[in-house]
Amino acid sequence: EYKDYSDTEYRNYSEFEMDNRCIVFYDSGTGGLRLFEKTRKAFPSENYVYFADEKYMPFGDKSKEELLKIFDEAEKKIVSFCPKLLVVACNTMSCALIDEERSFPFRTIFVTPFVPENEKTNKSSGGRKSGGKWLLLTTPATAKSDYVKRLISGDKNVDLLPQKGLAEEVEKWIKGGKKPDISLNFKDCEKNYDYVFLGCTHYGFLKNDFKKIFPES
């Protein structure tokens, strides 16, 4: 089974129905578009702003300090939209922000990597099958984050495999460039995983390619 973050569901949404302020999706580029399109399809009457912070793309090779500085700049523009909801659709930025004690004048949803039933993070991630083995694919910055370290701490069933430069390659492809060939990235990788989790919204565009590489997952 493959999980990517365009599969995120929004619950308890009725409180927003009478509020016509916009919902802002924030990402480094086009990675969050799949999540954005699914949300817009589910809630077509809402007003949306998609904020692609391409000036600093890619996020995945930056330090936490650099990411926080980037968001400090972006936040000024986000506030100017007067949103009722902010969706940080970038896993890398979400992992940098989620432990920060920040106060926003609007509700914020962080799109983060997950492994099922981890007590240290979100138990609502999904049901784990007994004896399952998991592969979590992220950017290097996400892999180094405290959030992911807690997420997989002590869990021998989870392998973490950061992908250097892949999000940037996907971004270039979506904009008309050459599609990345990810087969070499996993040439020497174990293939018998029960589940593969795509911990970057850009990776969702290659979902079918991952299925070919990990056919038993």
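Residues numbered from 1 in each chain as written. Predicted model: local features only at pLDDT ≥ 70, side-chain atom pairs only at ≥ 80, totals over all residues. Heavy atoms only, no water.

Comments concerning empty space enclosed by the protein
- Tallying each qualifying case throughout the model produces 2 cavities of 30 Å³ or more.
- Here the largest cavity defines a volume of roughly 60 Å³.
- Around the largest cavity, the lining is made up of 14 residues, and of these Ser 28, Cys 90, Ala 167, Cys 200 and His 202 lie nearest the centre.
- Each residue belonging to the lining of the largest cavity can be placed in one class, and the counts come to 6 nonpolar, 7 polar and 1 charged. (1 Å grid on protein atoms, 1.4 Å probe; cavity = no way out; pocket = protein on both sides within 12 Å on 5 of 7 lines; lining within 4 Å. Points joined across faces, edges and corners; volume = space filled by probe spheres on them. Nonpolar A, V, L, I, M, F, W, Y, C, P; charged D, E, K, R; others polar.)

Description of the nonpolar core
- Grouped together as the largest cluster of nonpolar side chains are 20 residues, with contacts concentrated most on Tyr 26, Phe 59, Phe 71, Ile 78, Leu 86 and Met 93.
- Only strand E2 (23-27), helix H2 (64-80), strand E4 (85-88) and helix H3 (91-97) provide two or more residues apiece to this core.
- Element by element, the count of residues in this core is highest for H2, at 6 residues.
- Membership of the second largest hydrophobic core comes to 17 residues, among which are Leu 137, Ala 167, Ile 182 and Phe 186. (Core = buried A, V, L, I, M, F, W, Y, C linked by side-chain atoms within 4.5 Å. Buried < 20%, exposed > 50% of the residue type's maximum accessible area, 1.4 Å probe, protein only. Helix = DSSP H or I, 4+ residues; strand = E, 2+ residues; numbered from the N terminus.)

Quick look at helix H6 (residues 166-174)
- Within H6, the full set of buried residues consists of Leu 166, Ala 167, Val 170 and Glu 171. What you see down the axis of H6 is that its buried residues fit within an arc of 140°, all on one side.
- Of the surrounding elements, those touching the buried residues of H6 are helix H7 (207-213).
- Looking one or two residues past H6, Gly 176 carries a phi angle of roughly 110°, positive in sign. (Arc of directions from axis to C-beta. Contact = heavy atoms within 4.5 Å.)

Read these as layout, nothing more, since geometry by itself doesn't imply function.
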